[in-house]
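# Breakdown of the fold
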Amino acid sequence: MYLTIVGLFRLFVLNCKISISKSMQYRMDFVISLFISLAMTSIGPIVQLLVFTQSNGFPGWNIDQIILFQGNVLIWLGLRGTVFGEVRMQMMDMIRKGTFDRLLMKPYPPIGVLLASGFSLSGLGPFISGMIVTLYAVVHMKLQITAHIVGAMLVMIISGLLVYMGLLALFCCLVIFVVHMEKMDEMFDNIIHVADYPLELFPKLLKYSFIFIIPFAVWAYYPAKTLMGEASSIVYLFFPLSIVFFMVCIKVWNRSLKYYASSGG
């Protein structure tokens, strides 16, 4: 297991280098794309600001806190887009073309190879925008960043990546069965879009589901609460919860893999 994880990490680093090298071949295209991405992702906080000021707002949140929350949403959007941005497209493309078979012949688990091949610079724009918005909110609200907060944030970043990897594994399972469905990618985005809103907006049953069953709350809600000094020790519970969620998703993936019929099926 240890050697497999180390090998997959090396594969991820190699894929990062290849992706960056390809992007740097056309530097002007990369720079223009980055600026467009920064501009587009900056619309999110502006829209939230307009919604907040033109309505009753979100229960328990003031405008500065919502800006901080939106900064965390953008950071997470950029982080998952950078680390795993290519996974879904690669899986759908390989299943349609019948080239998924080659992953079955590699020395590492197919889902591990997929996840290690997902690096994309397309997520850099949202990540930078999120860091700027979050930094502005932290300074404007005069928040104190302690060692405890930094530690909690690191735990939630790792936990959040595990949760997202689990969801990607489930997405790949669905691709195996459906093979071709144009709206599948959009459907996946709409499902995880619920993490872009504070938990206070949801009924109690959904709220606890997003904490203990599918921990969407680890992506933006609790990081924002932690930065504001309002989160409890529950943030450390996300790590074991995310491991359990990831392992369950991998179990589902392994069972689904048995139904893969290859290009001739």
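Before reading further, recall that the structure is shown in the block above.
Along the polypeptide, L115 turns up in helix α7 (residues 110-116). Between the alpha carbons of L115 and L11 there is a distance of 9.9 Å; along the sequence they are 104 residues apart. When neighbours within four sequence positions are excluded, L115 is seen to be in contact with F12, V83, F84, V87, M165 and L168.

What follows is about the packing of helix α5 (residues 87-97) against helix α9 (residues 147-178). It is at 10 Å that the axes of α5 and α9 come closest, and there the two elements cross at 20 degrees. Classified by the interaxial angle, the pair formed by α5 and α9 is roughly parallel. Between α5 and α9 lies a crossing of right-handed hand. Residues V87, R88, M91, M92 and I95 of α5 lie in contact with α9, whose contacting residues are Y164, L168, F171, C172, V175 and I176. Its residues assigned to classes, the contact of α5 with α9 comprises 10 nonpolar, no polar and 1 charged.

Here we come to the layout of surface pockets. The volume enclosed by the largest pocket comes to roughly 890 Å³. Forming the boundary of the largest pocket are 22 residues, of which I5, L8, L115, M165 and F246 lie nearest the centre. For the lining of the largest pocket, the elements supplying multiple residues, two or more each, are α1 (2-24), α4 (63-84), α7, α9 and α13 (238-257). Split into classes, the residues belonging to the lining of the largest pocket amount to 19 nonpolar, 3 polar and no charged.

Phi is positive for K142, which is not a glycine, with a value near 55 degrees. Within the secondary structure, K142 sits in the loop between α8 (124-140) and α9. We classify K142 as exposed; its relative accessible area is 70%.

Right, let's talk about a nonpolar patch on the surface for a bit. There is a patch of nonpolar side chains on the surface, built from L174, F177, V178, M187, I191 and Y259 and spanning about 560 Å² of accessible area. Secondary structure elements with two or more residues in the nonpolar patch: α9 and α10 (184-192). If you tally residues by element for the nonpolar patch, the top one is α9, at 3 residues. For V178, the location among the structural elements is in helix α9.

A few words now on empty space enclosed by the protein. Empty space left among the atoms is revealed by rolling a probe the size of a water molecule over them. Enumeration according to the criterion identifies 1 cavity of 30 Å³ or more in this entry. Taken as a whole, the largest cavity encloses approximately 40 Å³ of empty space. For the largest cavity, the full set of lining residues is V194, A195, Y197, L199, F202, F210, F216, A217 and Y221. Tallied by class, residues from the lining of the largest cavity come to 9 nonpolar, no polar and no charged.

Contact geometry for α9 and α10: axes closest at 11 Å, N-to-C directions at 150 degrees. In terms of orientation, α9 lies roughly antiparallel with respect to α10. The crossing of α9 and α10 is right-handed. Counting all contacts with α9, which are made through Y164, L167, L168, F171, L174, V175 and V178, the residues of α10 involved are M184, D185, M187, F188 and I192.

Before going further, it helps to examine the packing of aromatic side chains. All told, the structure shown has 18 aromatic pairs when counted by the stated rule. For the ring pair Y208 and F212, a centre distance of 6.3 Å and an interplane angle of 20 degrees mean the geometry is stacked. Within this pair, Y208 and its partner F212 are both found in helix α11 (residues 204-212), separated by 4 residues, close to a single helical turn. Chaining the aromatic ring pairs together yields one cluster made of W76, F84, Y164, F171, F188, F202, F210, F216 and W219. Over the face of the ring belonging to W219 we find R80, whose NZ or CZ atom lies 5.7 Å from the ring centre.

Rules used in this analysis
Counting from 1, residues in each chain are numbered in the order their sequence is written. It should be noted that, the model being predicted, local features are given only for residues of pLDDT at least 70 and side-chain atom pairs only at 80 or more, the latter also being counted only at that level, while totals for whole chains, interfaces and linings use all residues. In computing side-chain values, all of the structure's heavy atoms are included and hydrogens and water are not. Strands here are runs of E lasting at least two residues and helices are runs of H or I lasting at least four, both read from the DSSP assignment and numbered beginning at the N terminus. Whether two residues are in contact is decided by their heavy atoms: any pair within 4.5 Å suffices. Where helices are involved, their axes are fitted lines through C-alpha atoms of the stretch in contact, as for all axes, and angles between N-to-C directions lie from 0 to 180°. For classification, angles of less than 35 degrees are called roughly parallel, those exceeding 145 degrees roughly antiparallel, those between 65 and 115 degrees roughly perpendicular, and all remaining angles oblique. Crossing handedness is defined as follows: a turn of the near helix away from the far one that is anticlockwise and smaller than a right angle gives a left-handed crossing, while the clockwise case is right-handed. In this count, Pro and Cys sit with the nonpolar residues alongside Ala, Val, Leu, Ile, Met, Phe, Trp and Tyr, while Asp, Glu, Lys and Arg are called charged and the others, Gly among them, polar. In the cavity and pocket records, a cavity denotes points on a 1 Å grid over the protein atoms alone where a 1.4 Å probe fits but cannot get out, a pocket denotes an open set with protein on both sides within 12 Å along at least 5 of 7 lines, and lining residues are residues with an atom within 4 Å of a point. Grid points are joined across faces, edges and corners, and a volume is the space filled by probe spheres set on the points. Accessible area is worked out with a 1.4 Å probe on protein chains only. A residue is then buried under 20% of its type maximum, exposed over 50%, and partly exposed in between. Residues qualify for a patch when their relative accessible area is over 30% and they have no salt bridge, like charges being joined within 9 Å and the nonpolar side chains of Val, Leu, Ile, Met, Phe, Trp and Tyr within 5 Å. Computed with a 1.4 Å probe, the accessible areas rest on the Shrake-Rupley method; for each residue, only the protein chains presented here act as cover. The salt bridge criterion pairs a side-chain nitrogen of Lys or Arg with a carboxyl oxygen of Asp or Glu, the two atoms within 4 Å. Paired rings are identified among Phe, Tyr and Trp, the last through its six-membered ring, by centres lying within 6.5 Å, and are further divided according to the angle between planes into stacked (under 30 degrees), edge-to-face (over 60) and tilted (the rest). Criterion for a charge above a ring: Arg CZ or Lys NZ at most 6 Å from the ring centre, at most 35 degrees from the ring normal.

These results come straight from atomic positions and should not be treated as a statement about function.
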